[in-house]
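Residue-level structural notes
These are the residues of each chain, in order.
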Amino acid sequence: MSSRQPAAASASTRIARRYVDVRGRRVHLREAGSGKPVILLHDSPRSSRLHLDTIRLLAPHFRVFALDTPGYGNSDPLHAETPAIGDFAAALGDALEALGLVDAPIYATHTSAKIALEYAASTARPPALILDGLSFPETLAPAAFIDAYMRPFIIDAHGAYIAAEWTRTRDMLRWFPWFATTTAGRMAMETPSSKWIEQYTIDLFSAGPDYSGAYAAAMRYDCGSALRAITVPTLVAARRDDVLYGYLDRIPVAENPALSIERLESDRTAWGEWLLARLHDAAASSAEIPAAAPSATGYIDHAEGQIHVLRRGPQGDRPLLILEASSTLSAMGWQDALCATRDTVVPDLPGFGESEALDDASAAGYVAALATLAAHLGGKVDVLAIGPASYLALAFAETQPGMVGQLILDGATDTAADPAALCPPLAFDMAGGHLHRAWHMLRDGQVQWPWYSGTIAAQRKTEPVLDGEALHRALLGVIKQPARYGDAMRAAFSSVDASARIKCPTLVFTRENDPFYAAAPGLGGTNTPRPDTIAEAAALVAQFLDTSAAAAESVA
């Protein structure tokens, strides 16, 4: 675990995100700047999110690539039950090869320092290596200790894991090991800032059950052989406030001329200046690389940033864009039910999850973002919208009729609902209350509408989505942008226009005495009773899409 960041960095630097396909896995990375490339790797259980300030510091001088280790952030995990550091090193090499970065210097910290060390020792690449914090104990931790320290992260359908993981996170900042809650085990360190804990929690919850992969592999890895064998110029450093500072004394610089060490003071501004200078030296002989082609999946650029999308299903037919505000909880269920035969696209609407919030978070701003999505997906899409998102879909179809082929509206809620109450800001709580509030808000919204109402009239009649994994994904989307996740909901309710006229074939699901469908009968289109489950409703959607498409072809 590491909290190192430079003290100050420009917030204006644009950091783009993308995926690269590597041997059937998606590797996620952040990229910024121009010039000679440098690579940043993170510790466990963090992601490239750890390096956001560092990226901004370096971007005016370099083209910076910060990769998510497999299983962390948004990168797919390795296909191994108990991966070793060698497996992660090989995966790093594959990713750098795919990105054209094998000749770029690497900065790596803590867990990733071992990954980069093994990669460099086995390949004689990169041209230079900076390892900031390298654990090199005389005796490796026994298997029983590693098993206890890396207690499984088990997601359950009741949210009990949230309390367990939050308590473990707090205890990791007090004791070593975290489970030995004794006076002797208390660490002499101040509690990090709420921002640091919040970001750490996002990364831990993003990794979830995969959080221990590289973490445990690093504990099992003895770096002595690689340190003695490496031929790449390798600088091993640590700040005085780093728990790994003491291991600098064990680096075998006398046995290998490729090695050097530096002892750094704790000042973070000085650390940032040091890193900048060392990377300038390391990148001196590197060549610039061509600009990357736009990612075929994952992120779509628009005027105000990037929209993160999950695309699944056979491509070729007109894509089905599935919209939900302000979550993707039900949208993912719809995608699961339809992607076997349909090209389906679920976006994180701006302000939720990995999609940057809009400066103009009005209905018009969201319609513009949807138009960019549709243009990227071929210019015309079918749209399936859920609940309040139906109003955004109607506004999109009304203002961009040439972009919407067929429309499916899975209900529409009463516009008298208060968007501010539906999506309240979730301020950080050192007791973890913000996580529990978000979880129960999402869960309650599946069984009653509005989610905060316990009246009989608020009870929903369709089968709820209460799967733990699905709720966990939605929770992640909320806590990544706790102040902005409700933007799409607010924009949806502001876009209601009673005079709007549907101009495309439209299927509207209705459900008697269900508040989630209260306004659906008045939307127009073909009203159809909503079956109990998404799977049953998906069969009707597929039939509607096929029938409408056939009718359109016959008219043409």
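Our subject in this report is the structure included herewith.

Cut-offs and rules
Residues numbered from 1 in each chain as written. Predicted model: local features only at pLDDT ≥ 70, side-chain atom pairs only at ≥ 80, totals over all residues. Heavy atoms only, no water. Helix = DSSP H or I, 4+ residues; strand = E, 2+ residues; numbered from the N terminus. Rg over C-alpha atoms; globule rule 2.2 N^0.38 Å. Buried < 20%, exposed > 50% of the residue type's maximum accessible area, 1.4 Å probe, protein only. Areas by Shrake-Rupley, 256 points an atom, 1.4 Å probe, with all protein chains shown as cover. Lys, Arg positive; Asp, Glu negative; His and termini not counted. Charge placed at Lys NZ, Arg CZ, Asp CG, Glu CD. Core = buried A, V, L, I, M, F, W, Y, C linked by side-chain atoms within 4.5 Å. Contact = heavy atoms within 4.5 Å. Phe/Tyr/Trp six-rings, centres within 6.5 Å; stacked < 30°, edge-to-face > 60°. Lys NZ or Arg CZ within 6 Å of the ring centre and 35° of its normal. Pairing = 2+ DSSP bridges. Axes fitted to C-alpha atoms, helices over the stretch in contact; angles between N-to-C directions. Parallel < 35°, antiparallel > 145°, perpendicular 65-115°, else oblique. Left-handed = near helix turned anticlockwise from the far one by under 90°. Nonpolar A, V, L, I, M, F, W, Y, C, P; charged D, E, K, R; others polar.

1. Focus: the overall build of the protein chain
Along its length, the protein chain carries 17 helices and 16 strands. Taking 2.2 N^0.38 as the reference for a compact globule, 556 residues should give roughly 24 Å; the C-alpha atoms of the protein chain span a radius of gyration of 25 Å, in line with that estimate. Within the protein chain, the fraction of its 556 residues that count as buried is 58%. Counting every atom, the protein chain has about 22,000 Å² of accessible surface; 53% of that belongs to carbon and sulfur. Across the protein chain, the centroid of the 46 positively charged side chains sits 2 Å from that of the 62 negatively charged ones.

2. Concerning unusual backbone geometry
Note the cis peptide between Phe176 and Pro177, where omega equals -10°. Take Pro177: it is sitting in the loop between α5 (160-172) and α6 (194-207). Between Ala325 and the following residue, Ser326, the backbone shows a cis peptide bond with an omega angle of -5°. Mapping Ser326 onto the fold places it in the loop between β11 (320-324) and α10 (329-338). At Arg23, a residue that is not glycine, the phi angle is positive and equals roughly 50°. Inspection of the secondary structure puts Arg23 in the loop between β1 (16-22) and β2 (25-33). The class of Arg23 is exposed, set by a relative accessible area of 69%. A positive phi angle is found at Asn513, which is not glycine, with a value near 60°.

3. Some remarks on the nonpolar core
In terms of nonpolar packing, the biggest core is built from 154 residues, with Leu67, Ile106, Trp334 and Phe396 touching the most fellow members. Among all residues touching Ile106, those that are not within four sequence positions of it are Ile39, Leu41, Leu92, Leu96, Ala116, Tyr119, Pro126, Ala128, Leu129 and Ile130. Ranked by size, the runner-up nonpolar core spans 23 residues in total, among them Ala32, Val38, Phe62 and Val64.

4. Some details on the packing of aromatic side chains
Where two aromatic rings form a pair, the distance of their centres and the angle of their planes describe that pair. With the rule as written, the count across this model stands at 20 aromatic pairs. An aromatic cluster is built from Phe145, Tyr149, Phe176, Trp178, Phe179 and Tyr215, whose rings are joined through pairwise contacts. Just above the ring of Trp175 sits the side chain of Arg186; from NZ or CZ to the centre is 5.7 Å. Across the ring face of Phe136, the terminal group of Arg250 is positioned such that the distance to the ring centre comes to 4.1 Å.

5. Topic: the sheet that holds strand β6 (residues 129-132)
Spatial strand order, β1-β2-β4-β3-β5-β6-β7-β8: eight strands in an open sheet with mixed pairing. Edge strands, defined here as strands with exactly one partner in the open sheet, are β1 and β8 (259-264). Each neighbouring strand pair of the sheet contributes to a mean axis angle of 25°, computed without reference to strand direction. Both β1 and β2 contribute to a ladder of seven bridges, which runs antiparallel. Its bridge partner being in β2, Val20 is matched across the sheet by Val27. Along the sheet, helix α2 (residues 85-99) contacts β1, β2, β3 (37-41), β4 (63-67) and β5 (106-109); its crossing angle with β1, the most-contacted strand, is approximately 110°. Its contacts with the sheet put helix α3 (residues 111-123) on β3, β5 and β6, and the angle it makes with β5 is roughly 135°.

6. A few points about the packing of α3 against helix α7 (residues 212-220)
Between α3 and α7, whose axes approach to 9 Å, the crossing angle comes to 70°. One way to sum up the angle between α3 and α7 is to call them roughly perpendicular. The hand of the α3/α7 crossing is left-handed. Two secondary-structure elements touch here, α3 through Thr111, Lys114 and Ile115 and α7 through Ala214, Tyr215 and Ala218. Along the lines of polarity and charge, the residues of the contact of α3 with α7 split into four nonpolar, one polar and one charged.

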